[in-house]
Each structure stands twice: as C-alpha cells, then as structure tokens.
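# Observations on chain architecture
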Amino acid sequence: MNELQNQGELKRTLSLPLLIGFGLAYLAPTVVFNYYGIWTADSGTGGHYPLALLIATVLMTFTAYSYTRMVKEYPTAGSAYVYVNKSVQPHIGFLTGWVMLLDYLLLPMVCYLLIGIYVNEYFPALPVWVIVVGCAALGAIFNIVGVKTASIIDSIIIAAQIIFTIVTIILCIMYVCGTDGLSLLSSRAIVNPDTFDTSAVLNAAAILCVSFVGFDAVTTMAEETKDPDKVMTPAIMGVCVGAGIMFFITAYALNVAWPDAHTGITDPDVGIYEFYPAIGYGWAADVFFVVDEFASFVCAMAGMGAVSRILLGMGRDNILPKKFFGSVSKKWNTPVKNIILVSIIGCSGIFYADNLIGAAELVSFGCILGFIMVNLSVVLHFYKHKGLREGAKNKLMYLIVPGIGAVALAIAFIFVGTGAKILGCIWLLIGLIYLAVKTKGFKELPPEMTFEE
C-alpha cells in the first residue's frame, strides 16, 4: 500500500449533474442580483451591467477552454497549481497556486459576511459574528461528511436560485409589456451612448470575472469524478457558458424593466431591493432575501470544498506541510484538517464588514492572474513541449485560443483597483519569501506533485 493510500483516498462519486451543480453552487446564480446595484448605478457602469457581464463571459470562455485541455492531461486535485507546476515551472506553479488561494480563501469569507450582514438587517437581535461563525461551522460539517452529500444539497438550492431567476425575468416581461414607453427589445439596455464609459465597463468586467470561478472549482474535483475524461469538459464549459448566458439575460431583463435605474438607485449596495418595488413587485425582494441567503451559503460551502482540495494538492507535493495539508481522513475520506482551517479563515469575515468591494477586487486579483497562467500553460504544454504546432487546428487549439484568453485577461487586470493590486502583491511577496526559504534560495526545485491514487 502506497503512502497516499495510507493517508486515505478521495472517492469517485460525482456524476455530471452533481459536478455542474457544484460549479453553479460555487458561482451562485443569484450573484447577478447582488452586483446589480453596484454596477448599474452611475458610480458603477452607468447602466452597462449586461455589457460588462457579456465581456466577462467572453473572457472566461477562452479560459474555460484552456481548463478543459489541462484537466485531461492532469486529472488530479490542485487545479491551476498543478497545470502551471507541470507545464511551466515548479516555482511559478507554486506562486500561481499561492495567488489563487486569495480567490478560494476569501470567497467563503465574503459569502458568510454577506449572510451575516443581510440576516442582521432582517433580525437585528442576531449579531453578525454569531451568524458568520455559525454558517462557517455548518459549512465545515457538510464538507467533512462528504462531497457527494454537499453536492446534493447544492443541487437543491441551485434549483431554487434558477427558479427565482426565471420568475424575476417573467416579472420583468410582464411589467414591460404592461407599461407604455418600454420595450423588450432595446439596444440601450446593452449600450447607452449617453452614459457609456470604456474604463468603467472594463473595470466591472474585470471584477465580474470572479463570478465565473465555478468552472475552476469543478476541476478541483477531478479525483472525485466518475469517468473524468468524458465528464470534465462538458461540466467546465456548461458551468461557464451556461452561467454567462443566464447572467446576461437576467441583467438585460432588469435593465429593460427599469431603464433609469442607473440614476434611480439610491443605495447601490442593496440596489436589487430597490428594483422590485420600482416595478411593482415588492414581495419579490423578500423572496430574494431567503433564496440569496441559501445561495451565499452553498457558494461558501462549495468554495470551502474547492480550496481544501487545492491545499491537499499542495500538501501532497510537500510545498505546504504534508502531515497537515496532505492528509485525507480515513473515516470521512475528505481533507478534514484543510476544511477546518478554511472554516476558521471564513470566520475572519467579521473583521471586514466595511470593505466588501475591496475584498471582491482582491479576489479578482488572484483569479485573473491564475487564469492568465492556465492559458499560458496550454501554449507551453501542447504547443511547445508536446510539439503540436503543425496544422491550422493545432495552432487554433493550442496557441491562438489560449493566447487570446491570456492577453484579454492581462488587459482586464489593468482595470483592477490599485488597492487590490497592492494587497495582492503583498500576498504574492509573502509566498515568494516562503518559497525561497522552502527551496533554499530557489537552489532546489519544489518537490514533484504525486498523481498516485
């Protein structure tokens, strides 16, 4: 019996529907409503929320394609870290994994914090910290008892989110059809020449890339997926493209129903709660509150499951202490220690109540840099190392498409906030120092990733 077997193995229990459910849970379909006020108001994009989502969808589709190529080559826990480690260079692979940890570690924290803030608004007797800690503990329990159980719960709540989204679109259609002067077909709902600002739209698109990280989370479950060679590609593309289409249609419907929202919203942070009364369906705001709280919870739970497996991959590689991060519980067949650690970090959300936007930008810093490196991994792995350069098909698949993805994301990164870049670079510097110590001043390579199961 090899060392990994002694530590416990991850069971292959996930089918395509459960995998897509996990990915959708991670990105949370109702997130399109959470960002509505922020990016619709004049302080955001001046009414160009649908356009910003469309741009983000295109950017992420290129990157999702790159993930489908790499996950077939390396169907193991670890995701972007593994791809860059094996295709580019081990030190750079570590730094990629390190910077992506910002995405995975902070997203559950933000979700728990949102739950705490909104529940506290409805029920002031419940302190924010109690709600945050309670949700983090419950999320840990679901992840510890098994990813399949968590995925089934995800799928149920995902269905509720999709149903609510469809109901909202129907309400928008009913309102537009019954109101003089409004039309379901409006080019100004996508591009309004009077308020269009390229920088604002690209800034929004860059940060909204975070809304699509569900497809990346899917790849972290490769070792727990039945027949990953067949299932992973449709799961990754299904989550990315499906979510993008749903986000765009929903945002477009909101725009045509309330075309003056960019000037009418008084509090962008809770703009969606102003939308429903504006179109005469105030009761829907209360329904949204219930659905969104569950959505935020399963998003955090899925994020916790994903980051615990990224830490597992880095622990197996002994870049992070293997005894702690590289172990799998024999009883539960899940990385219990990692799940508990991520839960504790999630509880730290109580200290960030006044900087939610800054946290979102910090998450985008990590995910954009990580996505750029995954695109470059495809070029280096297939086009350079494997020599797949002959023919138009190979050039398109392994050079042009991932190249466009990397360049487009690099442009989007320019529009990430300065504060997030500073904090992100500090985090990256910490990782660089840790790596230098671990490898004796970069004189040694990090240990190789083990793919045994």
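The structure under discussion appears in the preceding block.
These lines cover the structure that appears in this document, whether it is placed above or below. (Residues numbered from 1 in each chain as written. Predicted model: local features only at pLDDT ≥ 70, side-chain atom pairs only at ≥ 80, totals over all residues. Heavy atoms only, no water.)

## Describing a nonpolar patch on the surface
A surface patch of nonpolar side chains, amounting to about 490 Å² of accessible area, comprises Trp129, Val130, Val133, Ile350 and Phe351. Structurally, Phe351 is set in the loop between α17 (336-347) and α18 (356-385). When its relative accessible area of 66% is taken as the criterion, Phe351 is described as exposed. (Patch = residues over 30% accessible without salt bridge, like charges linked within 9 Å, V, L, I, M, F, W, Y side chains within 5 Å. Areas by Shrake-Rupley, 256 points an atom, 1.4 Å probe, with all protein chains shown as cover. Salt bridge = Lys/Arg side-chain N within 4 Å of Asp/Glu carboxyl O. Helix = DSSP H or I, 4+ residues; strand = E, 2+ residues; numbered from the N terminus. Buried < 20%, exposed > 50% of the residue type's maximum accessible area, 1.4 Å probe, protein only.)

## Concerning unusual backbone geometry
The phi dihedral of Lys440 falls on the positive side, at around 55°, and the residue is not glycine. Tracing the sequence through the fold places Lys440 in the segment after α20 (418-438).

## Here's the deal with the pattern of salt bridges
Here the idea is simple: oppositely charged side chains can pair when their charged atoms come close. Overall, the coordinates contain three salt bridges when judged by the stated rule. Here Glu73 makes a salt bridge to Lys386, at a shortest N to O gap of 3.2 Å. Note that Glu73 is positioned in helix α5 (residues 49-73) and Lys386 in the loop between α18 and α19 (392-414), a separation of 313 residues in sequence. Here Lys386 falls in the partly exposed class, since its relative accessible area comes to 46%. With a closest N to O distance of 2.7 Å, Arg188 and Asp194 form a salt bridge. Note on Asp194: relative accessible area 64%, which makes it exposed.

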